[in-house]
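Below are the chains, spelled out letter by letter.
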Amino acid sequence: MSTQALRPAAFLDRDGVLNQDLGYVHRVADFHWMPGAVQALRRLQDAGFALVVVTNQSGVARGMYTLADVDTLHAHMQRELAAADVTLTAIYRCPHLPDAQQPNYRLNCNCRKPGPGMLLQALQEHGLDATRSVMVGDRDSDVQAG
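Reading the values: the criteria
- Residues numbered from 1 in each chain as written.
- Predicted model: local features only at pLDDT ≥ 70, side-chain atom pairs only at ≥ 80, totals over all residues.
- Heavy atoms only, no water.
- Pairing = 2+ DSSP bridges.
- Helix = DSSP H or I, 4+ residues; strand = E, 2+ residues; numbered from the N terminus.
- Axes fitted to C-alpha atoms, helices over the stretch in contact; angles between N-to-C directions.
- Contact = heavy atoms within 4.5 Å.
- Phe/Tyr/Trp six-rings, centres within 6.5 Å; stacked < 30°, edge-to-face > 60°.
- Buried < 20%, exposed > 50% of the residue type's maximum accessible area, 1.4 Å probe, protein only.
- Disulfide = S-S within 2.5 Å.
- Core = buried A, V, L, I, M, F, W, Y, C linked by side-chain atoms within 4.5 Å.
- Expected span 1.5 Å × (residues − 1).
- Polar contact = N/O pair within 3.5 Å; in protein donor to acceptor, adjacent residues only side chain to side chain.

Trainee: It is not clear to me how the sheet that holds strand 2 (residues 50–56) should be interpreted in this structure. Could you clarify?
Mentor: To summarise the sheet geometry, strands pair through backbone hydrogen bonds and adopt either a parallel or an antiparallel arrangement. The sheet built from four strands is open, its strands ordered 3-2-1-4 with parallel pairing. Each edge of the open sheet is held by one strand with a lone partner, namely strand 3 (90–94) and strand 4 (128–136). Mean inter-strand twist for the sheet, computed between neighbouring axes without regard to direction, equals 25°. Direction of pairing for strand 2 relative to strand 3: parallel, over a ladder of five bridges. Looking at strand 3, one finds that T55 is bridged to R93. Strands in contact with helix 3 (residues 67–83) are strand 2 and strand 3; relative to strand 3, the strand with the most contacts, it is inclined by about 155°. Seen against the sheet, helix 4 (residues 117–126) touches strand 1 (7–12), strand 2, strand 3 and strand 4 and runs at an angle of roughly 150° to strand 3.

Trainee: Would you mind showing me how to read the packing of aromatic side chains here?
Mentor: Within a pair of aromatic rings, the relevant descriptors are the distance that separates the centres and the angle that separates the planes. According to the stated counting rule, one finds one aromatic pair in the structure shown. Ring centres of F31 and W33 lie 4.9 Å apart, and the angle between their planes is 85°; this geometry places the pair in the edge-to-face category. When sorted by exposure, F31 lands in the same class as W33, which is buried.

Trainee: What should I look at first to understand the state of the cysteines in this one?
Mentor: In protein chemistry, a disulfide is the covalent bond that joins the sulfur atoms of two cysteines. Tallied over the entire structure, the rule returns zero disulfides. With no disulfide of its own, C94 has C111 as its nearest cysteine by sulfur position, at a separation of 3.2 Å. A relative accessible area of 0% places C94 in the buried class. No disulfide involves C109; its sulfur sits 3.2 Å from that of C111, the nearest cysteine.

Trainee: Honestly, the nonpolar core in this entry has me stumped. Any pointers?
Mentor: Most often, soluble globular proteins have nonpolar side chains that are buried together. Ranked by size, the top nonpolar core spans 19 residues in total, and within it L18, F31, W33, L41, L51, L81 and L88 carry the most contacts. Sorting the residues of this core by element identifies strand 1, helix 1 (37–46), strand 2 and helix 3 as the ones contributing at least two each. With residues up to four places along the chain from it excluded, the contact list for L88 reads L51, V53, Q78 and L81. In terms of nonpolar packing, the next biggest core, distinct from the first, is built from 15 residues, F11, L119, A122 and L123 among them.

Trainee: What's the story with helix 3 in this structure? I'm lost.
Mentor: Owing to its 3.6 residues per turn, the α-helix aligns residues three or four sequence positions apart on the same side. The first and last C-alpha atoms of helix 3 sit 25 Å apart over 17 residues, in line with the 24 Å expected at 1.5 Å per residue. Of all the positions in helix 3, only L67, V70, L73, H74, H76, M77 and L81 are classed as buried. In this fold, the buried residues of helix 3 make contact with helix 1, strand 2, helix 2 (58–61) and strand 3. Capping the start of helix 3 is the job of one residue whose side-chain oxygen sits 3.3 Å from the backbone nitrogen of A68: T66.

Rendered as structure tokens:
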């Protein structure tokens with residue numbers, strides 16, 4: 001694929017950027033879009049950006065909820081966005097923690113922000129242009145991942 005054919009990505013943190021950060025949001029009932037978030041996603045999409053959500057989900061590693069809960073919430077987000085003619089290219093989530101209570105998620109990985117793993121995976125899997133991409137986040141770890 002030539003560089004000209006590659007699309008830029010808008011990498012987006014979830015909690016505190018797309019939705020209100022109420023602490024470990026994992027239920028549809030607790031999910032509330034940030035004011036203007038859906039409209040901003042539409043503008044980015046219209047400008048040619050692939051929309052990629054990259055979210056740490058340490059609540060899974062802490063045993064507070066499951067990956068299935070996270071996936072259910074993400075499916076809800078995608079349905080609401082589809083109603084606004086917005087399509088997410090992908091959603092990546094990292095459930096790992098080095099000291100996780102849940103042994104199957106006890107891992108010191110590079111996908112957990114500030115590591116760039118989720119972004120690098122998206123770039124490769126979707127043929128995205130890293131040089132024209134942006135990271136939108138609300139924490140230093142988001143900036144470092146970008």
